[in-house]
Amino acid sequence: MPLTGRANSRQAELRLSGNRAQLSLDIHELERGALVFRVGRYFVFPGLADVHVHLREPGFFYKETISTGTQAAARGGYTAVCAMPNLRPVPDCSETLAEEEAIIRRSAVVDVFPYGAISCEQKGQKLAAFDEMAPHVIGFSDDGVGVQDDELMRQAFREAARLDKPIAAHCEVNALLHGGCIHDGAYAKAHGLPGISSESEWRMIERDIRLLRETPCAYHVCHVSTKESVALIRAAKAEGINISCETAPHYLVLDDSMLRDDGRFKMNPPLRSPEDREALLAGILDGTIDMIATDHAPHSEEEKSGGLRNSLNGIPGLETAFPILYTRLVKPGVITLEKLITLMSVSPRTRFRIPGGLAAGDYTVFDFETPYEIDPKEFRTTGHRSPFAGETVWGRCKLTVRRGEIIWQEEDFQI
């Protein structure tokens, strides 16, 4: 029977002692691939995994630190995140990567798997030191900037395939951006704002699919936002190309008809049209979209205070992703709870070979019975400018456990 937040007969036993937790599950249910268990009024499922976060350190600690970002992850039910490389210095060789790794070892409360850059300093001109970084990174990405040069991307595919590492692509053709700040749609036209075309995204996906026919590798499209992108990826999968993709919560529940002239609604790619949002939901339902990642990207208050035209792109997402999606998609019956957990835990771990899960002692406990209001003042991340502030949601994370150690626990949580 499809699982919702309120219907689940599988039982589990959870015991807490100090900073440790012990979970006992029915081995037969685990062997059958069960994902959700009940402990009293609470629900237990595998720790979430996010393949696309910006932890901002080293280089931009005033926006976020690995400590605050991973605390936010734990509070959101995540036990593993993959950190993008648009840092200072850019992790494009073993020496610069070592700076990030040292902070991770010192500060992280969840598992952090860094990406190495595709190009040196993310300038899109010369391939980064793939061989040096491969043993230490989850994959390679130039997230934040698309790789414009076809030959450089072809080299990246070749080297990533040789090293058996995925490429996570930020798909954006610079020549098609036209100085835009939001989607080139109804809101932009009505308010006289420069628009970002959908083609700026899907045209690069189209190019990369062509390159993958020549030089195959494990290829992953970041933050898919347009209906054309979904159609291209669906067709590529049918062709047998080794392609996967993610979208983010905000693209599934918001569109440009809901925009306000507020930095909380400024992200890249931008919120697209209602038709694009419907195509993304269809892609979730038919399996074209493999996973949901947050693209957690906090900025300072000053950087988000310039409205849609002048604010920097990016919003915090780790602490709001699951409750927003549970409230908007699971409660109305759009998808099941197990489908959501597959999108936010199982598929990311499978595609990117991220260790963890129930058998490893990585899990989270949620309360689905008590609604609450999203209040950025409660966030552990330093980025507070969320488009979901003030929204009433269901699905509050009460406990997160990594390898048996409690990394997040609400003060009032009792078994």
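Draft legend 1. Up close: unusual backbone geometry. In this model, glutamate 57 is joined to proline 58 through a cis peptide bond whose omega is 10°. Of note, proline 58 is situated in the loop between strand E5 (48-53) and helix H2 (66-75). Backbone torsion omega between asparagine 268 and proline 269 reads 0°, so that peptide bond is classified as cis. Mapped onto the elements of the fold, proline 269 is located in the loop between helix H9 (249-253) and helix H10 (274-286). Unusually for a residue other than glycine, glutamine 122 sits at a positive phi of about 55°.

Draft legend 2. Structural context of the pairing of strand E6 (residues 78-83). With six of six residues buried, E6 is to be regarded as a mostly interior element. Taken together, the four bridges between E5 and E6 define a ladder with parallel strand orientation. From the neighbouring strand, aspartate 50 faces E6, where its bridge partner is valine 81. Note on the crossover from E5 through H2 to E6: the handedness is right-handed. Bridge count between E6 and strand E7 (residues 111-114): four bridges; the pairing is parallel.

Draft legend 3. Here's a closer look at the nonpolar core. Counting residues in each nonpolar core, the largest one holds 100 residues, and the members touching the most others are Phe130, Ile167, Tyr219 and Phe322. The greatest single-element share of this core, amounting to seven residues, is contributed by helix H12 (residues 321-330). Not counting chain neighbours up to four residues away, the residues in contact with tyrosine 219 comprise Phe157, Ile167, Ala169, Cys171, Ile205, Asp208, Leu212, Asn242, Ile243, Ser244 and Arg351. Residues Ala34, Phe37, Tyr42 and Ile406 belong to the second largest nonpolar core, which totals 16 residues.

Draft legend 4. Seen up close, the layout of surface pockets. The space that makes up the largest pocket amounts to roughly 550 Å³. Asn86, Gly144, Asn268, His299 and Asn313 are the residues nearest the centre of the largest pocket, which is lined by 32 residues in total. The residue makeup of the lining of the largest pocket, split by class, is eleven nonpolar, 14 polar and seven charged. Lining the second largest pocket are 14 residues, with Ile138, Asp164, Pro166, Phe352 and Arg353 positioned closest to its centre. In the lining of the second largest pocket, the residues fall into nine nonpolar, one polar and four charged.

Draft legend 5. Structural view of the environment of glutamate 99. Among the secondary structure elements, glutamate 99 is positioned in helix H3 (residues 94-107). Residues glutamate 99 and proline 58, spaced 41 residues apart in sequence, show a C-alpha to C-alpha distance of 7.2 Å. Residues contacting glutamate 99, with those up to four places away along its chain left out, are Pro58 and Pro89.

Draft legend 6. Looking closely at the packing of aromatic side chains. For the coordinates displayed, the defined rule picks out 13 aromatic pairs. An angle of 10° between the planes, with centres 4.2 Å apart, marks the rings of tyrosine 326 and phenylalanine 368 as stacked. Of this pair, tyrosine 326 sits in helix H12 while phenylalanine 368 sits in the loop between strand E14 (363-367) and strand E15 (372-373), and the two are 42 residues apart along the sequence. You'll find tyrosine 326 and phenylalanine 368 in the same group, each marked buried. Summarising the aromatic geometry, the rings of phenylalanine 366 and phenylalanine 368 are spaced 6.2 Å apart at their centres and angled 25° between planes, so their arrangement reads as stacked. The two residues phenylalanine 366 and phenylalanine 368 agree in class, both being buried. Among the aromatic residues, ring-to-ring pairing joins Phe43, Phe45, Phe322, Tyr326, Phe366 and Phe368 into one connected group. Taking NZ or CZ as reference, lysine 331 lies 4.6 Å from the ring centre of tryptophan 394, over its face. Against the face of tyrosine 372 rests arginine 396, its NZ or CZ located 4.4 Å from the ring centre.

The rules we used
- Residues numbered from 1 in each chain as written.
- Predicted model: local features only at pLDDT ≥ 70, side-chain atom pairs only at ≥ 80, totals over all residues.
- Heavy atoms only, no water.
- Helix = DSSP H or I, 4+ residues; strand = E, 2+ residues; numbered from the N terminus.
- Buried < 20%, exposed > 50% of the residue type's maximum accessible area, 1.4 Å probe, protein only.
- Pairing = 2+ DSSP bridges.
- Right-handed = clockwise from strand over helix to strand, strands pointing away.
- Core = buried A, V, L, I, M, F, W, Y, C linked by side-chain atoms within 4.5 Å.
- Contact = heavy atoms within 4.5 Å.
- 1 Å grid on protein atoms, 1.4 Å probe; cavity = no way out; pocket = protein on both sides within 12 Å on 5 of 7 lines; lining within 4 Å.
- Points joined across faces, edges and corners; volume = space filled by probe spheres on them.
- Nonpolar A, V, L, I, M, F, W, Y, C, P; charged D, E, K, R; others polar.
- Phe/Tyr/Trp six-rings, centres within 6.5 Å; stacked < 30°, edge-to-face > 60°.
- Lys NZ or Arg CZ within 6 Å of the ring centre and 35° of its normal.

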